[in-house]
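Residues per chain are reported as follows:
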Amino acid sequence: VQVADVPEPTPGPGDVVVEVKAVGVSFPDLLLSRGEYQMKPDPPFSLGVDFAGVVRSAPDGSGFAAGDRVACVLPWGGGAEVVALGPDSVFPLPNHVSFEAGAALPMNYLTAQFALATRAGLRQGDVVLQIDGRPVPDAATLAYASGNHRQNPGGMRRFGSKKSGEGGEQRQRDLHRGIFHAATL
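Now for a description of the structure that goes with this document. (Residues numbered from 1 in each chain as written. Predicted model: local features only at pLDDT ≥ 70, side-chain atom pairs only at ≥ 80, totals over all residues. Heavy atoms only, no water.)

Here's the deal with helix 3 (residues 105-119)
Three- or four-residue spacings in an α-helix give side chains the same orientation, since the helix completes a turn every 3.6 residues. For helix 3, which comprises 15 residues, the first-to-last C-alpha distance of 20 Å matches the rise-based estimate of 21 Å (1.5 Å per residue) to within 8%. Of all the residues in helix 3, the buried ones are Pro106, Met107, Tyr109, Ala112, Leu116 and Ala117. Immediately beyond the C-terminal end of helix 3, within one or two residues, lies Gly121, with a positive phi of roughly 60°. (Helix = DSSP H or I, 4+ residues; strand = E, 2+ residues; numbered from the N terminus. Expected span 1.5 Å × (residues − 1). Buried < 20%, exposed > 50% of the residue type's maximum accessible area, 1.4 Å probe, protein only.)

Dropping the structure here:
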């Protein structure tokens, strides 16, 4: 891995231009840095699957405007000071969520959505049992399954289910220790 100055991107006609404030480090970043990810960009390339920042410019009809706070996800390339990307990879970031937290959200929530909706094919009435206890991915999985997260990043589909064993702060402490929790869809 090498840090280098590169020119700012030239946005395409449909691109949102984002000034990056924080970059997350996810498992795909680790694999990309080793050349072990399923996608293998030609070096040199910028790491950064998840990032958050402020919109510099956006095309009409994109749903974004200069000054909007956003979280974003790309296959790679978010680890730059400025990034140009399609609006389908950009999600509104609420004011109460820091840029650092926003840079940790997209891959985790989109992975949860993919795992539950696409791979598992979950439907209303199904039960999700989360047993691993890794704080962000597991919280994202349960939040997505229960439809109980405060914000809905990027308008992702919610199952609208109800968690069993609601316990507030104790539930969160248990979750971080890897205790079983279930969400009924």
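Next comes the rest of the account.
Section: the nonpolar core
In terms of nonpolar packing, the biggest core is built from 12 residues, these being Val16, Val18, Val20, Phe51, Val55, Phe64, Val70, Cys72, Leu74, Val83, Leu85 and Val90. Counting 10 residues, the second largest nonpolar core, distinct from the first, contains Tyr109, Ala112, Ala117 and Ala140. (Core = buried A, V, L, I, M, F, W, Y, C linked by side-chain atoms within 4.5 Å.)

Remarks on the pairing of strand 2 (residues 50-57)
Consecutive residues of a regular strand have side chains that alternate between opposite faces of the sheet. Looking at chain direction, strand 1 (residues 16-23) and strand 2 are connected through six bridges and run antiparallel. Along strand 2, the bridge assignment pairs Val20 with Gly53. As judged from the five bridges shared by strand 2 and strand 3 (residues 69-73), these two strands associate in the antiparallel manner. Within strand 3, the position partnered with Asp50 by the bridge is Val73. (Pairing = 2+ DSSP bridges.)

Observations concerning the sheet that holds strand 4 (residues 82-85)
Taken together, five strands build an open sheet; the order of strands is 4-1-2-3-5 and the sheet is antiparallel. Looking at strand neighbours, the two that pair on one side only are strand 4 and strand 5 (90-92), the edges of this open sheet. Strand-to-strand twist of the sheet, defined as the mean angle between neighbouring strand axes without regard to direction, takes the value 45°. Judged from the four bridges that link them, strand 1 and strand 4 form a sheet pairing that is antiparallel. For Val17, the partnering residue across the bridge sits in strand 4 and is Ala84. (Axes fitted to C-alpha atoms, helices over the stretch in contact; angles between N-to-C directions.)

As for the packing of aromatic side chains
The tally for this structure, following the rule as stated, stands at one aromatic pair. Note on Phe45 and Trp76: the rings are 6.3 Å apart at their centroids and 65° apart in plane angle, and the pair reads as edge-to-face. Linking Phe45 in the loop between helix 1 (27-34) and strand 2 with Trp76 in the loop between strand 3 and strand 4, this pair joins segments that are 31 residues apart in sequence. Judged by relative accessible area, Trp76 falls into the partly exposed class, the value being 31%. Lying across the ring of Phe99, Arg69 places its NZ or CZ 4.4 Å from the centre. (Phe/Tyr/Trp six-rings, centres within 6.5 Å; stacked < 30°, edge-to-face > 60°. Lys NZ or Arg CZ within 6 Å of the ring centre and 35° of its normal.)

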